[in-house]
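One-letter residues, chain by chain:
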Amino acid sequence: MNSGPGDRRPGGALEAEVLALLQSSPQALTPGEVLERLDNGLAYSTVVTVLSRMFDKGLLTRSKQGRAYAYAPVTDTHGLTARRMRQVLESDADRQAVLTRFVEELPSRDEQLLRQLLGDLGEG
């Protein structure tokens, strides 16, 4: 169901929609291309604003393409999730306490996977 004019999306919904679109595209897209592919009645200026804000947040890269910029995601979905996890970790001064609690609260299967990954990194 597309939103009509004046309908408001929940916070971050448009960014998530734009990010998913860019991640599924084989090349960087201009605001006009994003607008065309979203096909939901947005104003061009809204798309430009959203893309600019996402670029400012470090979610997108951009390169000049004619008179506009073309935007692409800096990483895939998993990379963005890892980036958010790191930002949350960096927001607390006691990293050891945070990491300790994180590992203590992991399901045993995830803890085993984490230990395996850390072991693999230590060998390389």
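Keep in mind it's a predicted model, so treat the numbers as computed, not measured.

J.: Account for the environment of L35, with residues named and values stated.
T.: Considering the arrangement of structural elements, one finds L35 in helix α2 (residues 31–38). Its relative accessible area of 23% is what places L35 among the partly exposed residues. Separated by 67 residues in the primary sequence, L35 and F102 have C-alpha atoms spaced 40 Å apart. With near-sequence residues (within four places) excluded, L35 lies in contact with L42, A43, Y44 and V47.

J.: Explain the nonpolar core residue by residue, including any values.
T.: Counting residues in hydrophobic clusters, the biggest one holds 17 residues, and the most contacted among them are V18, L22, V34, L38, L51, M54 and L60. The set of elements that each furnish at least two residues to this core consists of α1 (13–24), α2 and α3 (44–56). Among the elements that line this core, the one with the most residues is α1, at five residues. Setting aside its immediate chain neighbours within four residues, L60 contacts L19, L22, L51, M54, F55, Y71, A72, P73 and V74.

J.: Lay out the side chain of N40 in plain terms, naming residues and giving numbers.
T.: Residue placement: N40 occurs in the loop between α2 and α3. Using a relative accessible area of 8% as the deciding quantity, one classes N40 as buried. In terms of polar contacts, N40 uses its side chain to reach the side chain of E17, at 3.4 Å.

J.: Can you tell me about the pattern of salt bridges, naming the residues and giving the values?
T.: Taken as a whole and judged by the stated rule, the model has three salt bridges. Between K57 and E15 there is a salt bridge, with the nearest N and O atoms lying 2.8 Å from each other. In this pair, K57 is assigned in the loop between α3 and β1 (60–65) and E15 in helix α1, connecting sequence segments 42 residues apart. We note a salt bridge from E90 to R86, for which the minimum N-O separation is 3.8 Å. Pair noted here: E90 and R86 are both in helix α4 (residues 77–90), with a separation of four residues, about one helical turn. By relative accessible area, R86 is classed as partly exposed at 44%.

J.: Got a sec to walk through the pairing of β1? Specific residues and values, please.
T.: Pairing analysis gives six bridges linking β1 to strand β2 (residues 68–73), with the strands arranged antiparallel. Looking across to β2, one finds that Q65 is bridged to A68. Between β1 and the antiparallel strand that follows it, β2, lie two residues; G66 among them carries a positive phi value of about 70 degrees.

Rules behind the numbers
Residues numbered from 1 in each chain as written. Predicted model: local features only at pLDDT ≥ 70, side-chain atom pairs only at ≥ 80, totals over all residues. Heavy atoms only, no water. Helix = DSSP H or I, 4+ residues; strand = E, 2+ residues; numbered from the N terminus. Buried < 20%, exposed > 50% of the residue type's maximum accessible area, 1.4 Å probe, protein only. Contact = heavy atoms within 4.5 Å. Core = buried A, V, L, I, M, F, W, Y, C linked by side-chain atoms within 4.5 Å. Polar contact = N/O pair within 3.5 Å; in protein donor to acceptor, adjacent residues only side chain to side chain. Salt bridge = Lys/Arg side-chain N within 4 Å of Asp/Glu carboxyl O. Pairing = 2+ DSSP bridges.

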